[in-house]
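Here are the chains, one letter per residue:
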Amino acid sequence: MTNDTALQASMQAAVPDGWEMVTTLDLDALGGFEQILLYRFIFLDLDTLTDDFDPQDAIRKIRMELMLNVAIFCFGGSDDERDQARLNRADRFFDRHEMLERLPQFCHQYRWGD
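Everything quoted here is computed from the prediction, not taken from an experiment.

(A) Summary view of the side chain of glutamine 56. Looking at the element boundaries, glutamine 56 is found in helix H3 (residues 55-65). In this structure glutamine 56 comes out as buried when scored by relative accessible area, which is 4%.

This is the structure:
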């Protein structure tokens, strides 16, 4: 979940075979509880704040409204943004440059059984 098109393109290029990356700033566009539950993890850009999207609201919706335990990996953001995301129950935090390095690792770690 980011509006950084350069990062989106870099991440799309790094997605391993057999995986599909979905880019959105609208959780409702992903479907309901059952559809979102099928996503293995969510990368969330804490620097993305628009009139229609607040990353903190996305975390709250996933955790509190939908009550899902999908892994939420945050990147970017100030210390205050990260502290608020922790309170909202995001899982882990990384610098922006780490996301490309971590993508293959998370795809391997969160894959469905062999």
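(B) Expanded view of the packing of H3 against helix H4 (residues 79-87). At a minimum axis separation of 9 Å, H3 and H4 run at an interaxial angle of 10°. The orientation of H3 relative to H4 falls into the category roughly parallel. Residues Pro55, Gln56, Ile59 and Arg60 of H3 form the contact with H4, whose own contacting residues are Glu81, Gln84 and Ala85. Considering only residue class, the contact of H3 with H4 consists of three nonpolar, two polar and two charged.

(C) Layout of the pairing of strand E1 (residues 41-45). In terms of residue burial, E1 counts as a mostly covered element, since five of its five residues are buried. Burial along E1 is two-sided: Phe41, Phe43 and Asp45 facing one way and Ile42 and Leu44 facing the other are all buried. As paired strands, E1 and strand E2 (residues 71-75) are joined by five bridges and run parallel to one another. Bridge assignment links leucine 44 to a residue of E2, and that residue is cysteine 74. As for the winding sense of the linkage, the β-α-β connection from E1 through H3 to E2 is right-handed.

(D) Summary view of the sheet that holds strand E3 (residues 92-94). Spatial ordering of the open sheet is given by E1-E2-E3, a layout of three strands whose pairing is parallel. Taken across any chain shown, the strands that pair with only one partner, and hence form the sheet edges, are E1 and E3. Neighbour-to-neighbour, the strand axes of this sheet turn through a mean angle of 25°, independent of strand direction.

(E) Just the state of the cysteines, in detail. Inspection of every chain in the model, using the stated rule, returns zero disulfides. No disulfide involves cysteine 74; its sulfur sits 17 Å from the nearest other cysteine sulfur, which is in cysteine 107. Judged by relative accessible area, cysteine 74 falls into the buried class, the value being 0%.

(F) How the structure looks around the packing of helix H1 (residues 5-14) against helix H5 (residues 98-109). Two elements in contact, H1 and H5, have axes separated by 10 Å at closest approach and are oriented at 25°. It follows from the interaxial angle that H1 and H5 lie roughly parallel. Our pair here, H1 against H5, has a crossing hand that is right-handed. Here Ser10, Met11 and Ala14 of H1 come into contact with H5, specifically with Met99, Leu100 and Leu103. Of the residues in the contact of H1 with H5, the class split is five nonpolar, one polar and no charged.

Cut-offs used in this document
Residues numbered from 1 in each chain as written. Predicted model: local features only at pLDDT ≥ 70, side-chain atom pairs only at ≥ 80, totals over all residues. Heavy atoms only, no water. Helix = DSSP H or I, 4+ residues; strand = E, 2+ residues; numbered from the N terminus. Buried < 20%, exposed > 50% of the residue type's maximum accessible area, 1.4 Å probe, protein only. Axes fitted to C-alpha atoms, helices over the stretch in contact; angles between N-to-C directions. Parallel < 35°, antiparallel > 145°, perpendicular 65-115°, else oblique. Contact = heavy atoms within 4.5 Å. Nonpolar A, V, L, I, M, F, W, Y, C, P; charged D, E, K, R; others polar. Pairing = 2+ DSSP bridges. Right-handed = clockwise from strand over helix to strand, strands pointing away. Disulfide = S-S within 2.5 Å. Left-handed = near helix turned anticlockwise from the far one by under 90°.

Honestly, that's just the spatial picture; any functional story needs more than this.
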